[in-house]
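Analysis of the macromolecular model
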Amino acid sequence: MTPLPKDLPSSISEQDRDTAVQRLKEAYAEGHISHEEMDEGLHRVLTAKTRGELAPALASLPPEKPSTTSTIAAASGRIKRRGAWRVPRTLKVESAFGSAHLDLSRAVIEYPVIDIELQLGTGKARITVPRNATVDLEKLRTEWKVSLYKPRRNPGPGGPTIRISGTMGYGRLKVRHARR
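Basis of the calculations
What you see as residue numbers is a count from 1 along each chain, following the sequence as written. In keeping with the model being predicted, local features are shown solely for residues with a pLDDT of at least 70 and side-chain atom pairs are shown and tallied solely at 80 or more, while totals for entire chains, interfaces and linings include all residues. Remark: hydrogens and water are excluded; side-chain values derive from all non-hydrogen atoms of the structure. Secondary structure elements follow DSSP: runs of H or I no shorter than four residues count as helices, runs of E no shorter than two count as strands, and numbering proceeds from the N terminus. Burial classes follow relative accessibility: with a 1.4 Å probe on protein chains only, a residue under 20% of its type's maximum area counts as buried, one over 50% as exposed, and anything between as partly exposed. In this description, contact between two residues means that some pair of their heavy atoms is separated by no more than 4.5 Å. For accessible areas, the Shrake-Rupley method is used with a probe of radius 1.4 Å. Any residue's cover is judged against the shown protein chains and nothing else. Positive residues here are Lys and Arg, negative ones are Asp and Glu, while His and the chain termini are left out of the count. The atoms used to mark charge sites are NZ of Lys, CZ of Arg, CG of Asp and CD of Glu. Side-chain atoms within 4.5 Å link the members of a nonpolar core, which is a set of buried Ala, Val, Leu, Ile, Met, Phe, Trp, Tyr and Cys residues. Arc, as used here, means the arc of the directions from the helix axis to the C-beta atoms. Inter-axis angles, ranging from 0 to 180 degrees, are taken between N-to-C directions of lines fitted to C-alpha atoms, where helices are fitted over the stretch in contact. Oblique is the label for every angle not falling under 35 degrees (roughly parallel), over 145 degrees (roughly antiparallel), or within 65 to 115 degrees (roughly perpendicular). By the definition used in this description, the sense in which the near helix is turned from the far one sets the handedness, with an anticlockwise turn below a right angle giving left-handed and a clockwise turn giving right-handed. Classes in brief: Ala, Val, Leu, Ile, Met, Phe, Trp, Tyr, Cys and Pro nonpolar; Asp, Glu, Lys and Arg charged; the others, Gly included, polar. In short, DSSP must find at least two bridges between two strands for them to pair. By convention in these notes, a salt bridge is any Lys or Arg side-chain nitrogen within 4 Å of a carboxyl oxygen on Asp or Glu.

Regarding its fold elements, the chain presents three helices and 12 strands. Considering only C-alpha atoms, the chain reaches an extent of 60 × 45 × 25 Å along its principal axes. Counting all 180 residues of the chain, 37% fall into the buried class. Residue pairs at least 24 apart in sequence account for 68% of intrachain contacts in the chain once pairs closer than 6 positions are excluded. For the chain, the accessible surface area stands at approximately 11600 Å², while carbon and sulfur atoms represent 50% of it. Across the chain, the centroid of the 31 positively charged side chains sits 14 Å from that of the 20 negatively charged ones.

Next comes the structure, spelled out in structure tokens:
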């Protein structure tokens, strides 16, 4: 049996690829790269098979901002955030028996993409997003009731993308856009 060479290039995972795509999108949204540079970078990232092939596509990007993650947890009761609160890049909301109400309409949002991870047992959740926000619910799993969300026809330019993921047991998620 022939031993494997020790210096094999390490292959990239789907998460590595997704992270690289997200960095390119954020650099484009913040004006650090042109549309053509983003297209070229996306092509390189999507066709890369090793980390060595992935690195040149990200080399010209500004350094990655330190990711902020916050967790709000309660065994029961209400989790509530409203007014002018600072939204972290990743927000984890965990509750076994309580409900959650997050109002992002007047919140300070510093990132083009916000990830909200819900881990709710029996409670319901209500999230109010800014008028010009885009909402992505594709990675949210619900066990009992379907999520309620009606996307805006034209959210307008410059709004954040709110990605909601996680698992909801027996509650329902309602997402709505702020009126003002």
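That was the structure; now back to the text.
Here the focus is the nonpolar core. Counting residues in each nonpolar core, the largest one holds 26 residues, and the members touching the most others are Ile 116, Leu 118, Ile 127, Ile 164 and Leu 173. Contributing elements (two or more residues each) for this core: β4 (90–95), β5 (99–103), β7 (113–120), β8 (125–129), β9 (134–142), β11 (161–168) and β12 (173–177). Looking at this core element by element, the count peaks at four residues for β7. With 14 residues, the next largest nonpolar core counts Ile 12, Ala 20, Leu 54 and Leu 61 among its residues.

On to helix α3 (residues 51–59). Along α3, the residues that are buried comprise Leu 54, Ala 57 and Leu 58. All buried residues of α3 fall inside an arc of 90 degrees around its axis, so they share one side. Residues Gly 52 and Ala 59 are exposed on α3 and point more than 90 degrees away from its buried face. Looking at the buried residues of α3, the elements they touch are α1 (14–29) and α2 (35–47).

Take the environment of Thr 122 next. Secondary-structure assignment places Thr 122 in the loop between β7 and β8. By relative accessible area, Thr 122 is classed as partly exposed at 40%. A sequence separation of 48 residues divides Thr 122 from Tyr 170, and the C-alpha atoms of the two residues are 4.6 Å apart. Setting aside anything within four residues of it in sequence, one finds Thr 122 in contact with Ala 96, Phe 97, Tyr 170 and Gly 171.

Attention now goes to the packing of α2 against α3. Following both chains from N to C, one finds α2 and α3 inclined at 165 degrees, their axes separated by 9 Å at the closest point. On the basis of the axis angle, α2 is roughly antiparallel to α3. In the packing of α2 onto α3, the handedness of the crossing is left-handed. Counting all contacts with α2, which are made through Gly 41, Arg 44, Val 45 and Thr 47, the residues of α3 involved are Glu 53, Leu 54, Pro 56 and Ala 57. Taken together, the residues of the contact of α2 with α3 sort by class into four nonpolar, two polar and two charged.

Across the sheet, which stays open at both edges, the five strands sit in the order β1-β4-β7-β11-β9 with parallel pairing between neighbours. Edge positions in the open sheet fall to β1 (69–74) and β9, since each of these has one partner strand only. Ignoring which end each strand starts from, the neighbouring axes of this sheet average 10 degrees apart. Of the strand pairs in this sheet, β7 and β11 are connected by eight bridges, and their pairing is parallel. Across the sheet, the residue bridging to Gln 119 is Thr 167, located in β11.

Turning to the pattern of salt bridges, a few remarks are in order. When their charged atoms lie close together, side chains carrying opposite charge are able to pair. Considering all chains together, one arrives at four salt bridges under this definition. Through salt bridges with shared partners, one network takes in Glu 26, Arg 89, Asp 115 and Arg 163.

Everything listed is a geometric property; what it means functionally is a separate question.
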